[in-house]
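Descriptive structure summary
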Amino acid sequence: MFLQAGIAVGVLAAGHVLTSLDADTPDGSMEHKGAPQSPKPGAGGPPPPPGHAAQAGGPDAYRLRPMAGETSMSGPGASPRHADVAFELPTHTREIALTFDDGPDPRYTPEVLRVLRRHRVQATFFVVGECAVEFPDLLHTIAGEGHVVANHSWTHPQLTKLAPGRVRSELGRTSSLVEDTLGAAPTLARAPYGDWDQDSLRICNKLGMSPVGWSVDSQDWTCPGAERIASTIMDETAPGAIVLSHDGGGARTQTVEALEWYLPRLLDRGYTPVRIQY
C-alpha cells in the first residue's frame, strides 16, 4: 500500500513538471505556409499551432496495470540498430510509414483514425494484447479501414529481460488474439522500447513475424506539447522514415492535435504515408 501511494504521488508530480515545461514552448515554430487544409495565417502571422496543454498522467483506468517502465528505454539509445530489424522502408521515393503503439484505446484510437480517414492515409498499429482483448471492435475498425494490425506484445514488458518462454507467451498470445479476432495473424511485431535480442528475434520469426523499429521518435510519450511533437516529425522525417507515435498507454490528446497539424503538411511536401509490408 505504501509503494502504491508513492507511485501515485510520483505520477502527480511528473504531471506538474510536464505541464510547466509545456507552458514554455515557443509559439510559431511549426509554420509551413504552403500546406493544404491548414489554417490561414492572420495579418502577417503564422498559422496557429496546436494546443499546448499537457496531458500528463498514468494510463487510462481500463488498463490492468501501467506499462512497465513506460519511458525506461525511450529517447536516445532506444530502438538500437540491429541487422534483422527494419528501421526504414526499402524505398527511394517519398514514402513514409506512420505507426502508432500501445493501443487500442477507446478514446484516442478513434480520434487518430478520424484524422487518418479525413486525409485518406493508411498507417500501422502495433497493439498491446491486454488492450486489444478489451476492445476487439477497435481491431475490426482499424483493419476495416485498411490499416495494418501488428503485434506489440501482451503486457508491454522489456523482452530482453524475459526468459524465452515468457517472450513466446507475450508475442504468441497477442498473435493468437489478433488471428482469432480478424481471421489472420499479424506479420509484423515491434518489441516494447524497440529492444530486441537474438532470442526474441528468433521467437518473433518462428511466429511468422518480421521485426520493425523506427527511425523517427515523435517523443509524444513525454507529453512535450503538440507543437513540439509536430515539429520533431516535420524536422526529422525523410524518405523511407518509419515514424513512432502512440494511440494508447496514456493520455494522447497532444498526439492527436499534432497529427492534425503535421499530416497535411507532410502530404504537401510530397510524402506518401503507406502501410508497412515485409
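Our subject is the structure that appears above.
Calculation rules
- Positions within a chain are numbered from 1, following the residues in the order the chain's sequence is written.
- Only residues with pLDDT of 70 or above have their local features reported here, since the model is predicted, and side-chain atom pairs are shown and tallied only from 80 upward, although totals for entire chains, interfaces and linings are computed over all residues.
- Side-chain metrics rest on all non-hydrogen atoms present in the structure, leaving aside hydrogens and water.
- Only runs of H or I of at least four residues qualify as helices and only runs of E of at least two qualify as strands under DSSP, and these elements are numbered from the N terminus.
- Partly exposed residues are those whose accessible area sits between 20% and 50% of the maximum for their type, while under 20% is buried and over 50% is exposed, using a 1.4 Å probe and protein chains only.
- Contacts are assigned to residue pairs that have any heavy atoms within 4.5 Å of one another.
- Note that accessible areas follow from Shrake-Rupley with a 1.4 Å probe, and for residues the cover is restricted to the protein chains shown.
- Note on aromatic contacts: the rings of Phe and Tyr and the six-membered ring of Trp form a pair at centre separations within 6.5 Å, being stacked when their planes are under 30 degrees apart, edge-to-face when over 60 apart, and tilted otherwise.
- Sitting over a ring, as applied to charges here, requires NZ of Lys or CZ of Arg to be within 6 Å of the ring centre and within 35 degrees of the ring normal.
- Throughout, nonpolar core names a set of buried Ala, Val, Leu, Ile, Met, Phe, Trp, Tyr and Cys residues whose side chains join them through atoms within 4.5 Å.

A few points about the overall build of the protein chain
Assigned secondary structure in the protein chain consists of eight helices and eight strands. Split into buried and exposed, the 278 residues of the protein chain put 51% on the buried side. Sequence-distant contacts in the protein chain: of pairs separated by 6 or more residues, those separated by 24 or more amount to 79%. Carbon and sulfur atoms form 54% of the exposed surface of the protein chain, whose accessible area is close to 12400 Å².

Here we look at the packing of aromatic side chains
With the rule as written, the count across this model stands at one aromatic pair. Seen in terms of ring centroids, Phe 100 and Phe 125 are 5.4 Å apart; in terms of plane orientation they differ by 25°. Their pairing is stacked. Of this pair, Phe 100 sits in strand β1 (residues 95-103) while Phe 125 sits in strand β2 (residues 124-127), and the two are 25 residues apart along the sequence. Across the pair, Phe 125 and Phe 100 agree in class, each one buried. We note Arg 173 situated over the ring of Trp 154; from NZ or CZ to the ring centre the distance is 3.9 Å. Directly above the aromatic system of Trp 261 lies the positively charged group of Arg 265, at a separation of 3.3 Å from the ring centroid.

Here we look at the nonpolar core
If you look at the biggest cluster of nonpolar residues, it comprises 33 residues, and the most contacted ones within it are Leu 98, Phe 100, Leu 116, Phe 125, Leu 259, Tyr 262 and Leu 263. Those elements that provide at least two residues to this core are β1, α2 (108-118), β2, α4 (136-144), α5 (164-182), α7 (226-236) and α8 (253-268). Considering each element in turn, this core owes the most residues, six residues, to α8. By size, the runner-up hydrophobic cluster in this structure holds 13 residues, among which are Val 167, Trp 196, Ile 203 and Cys 204.

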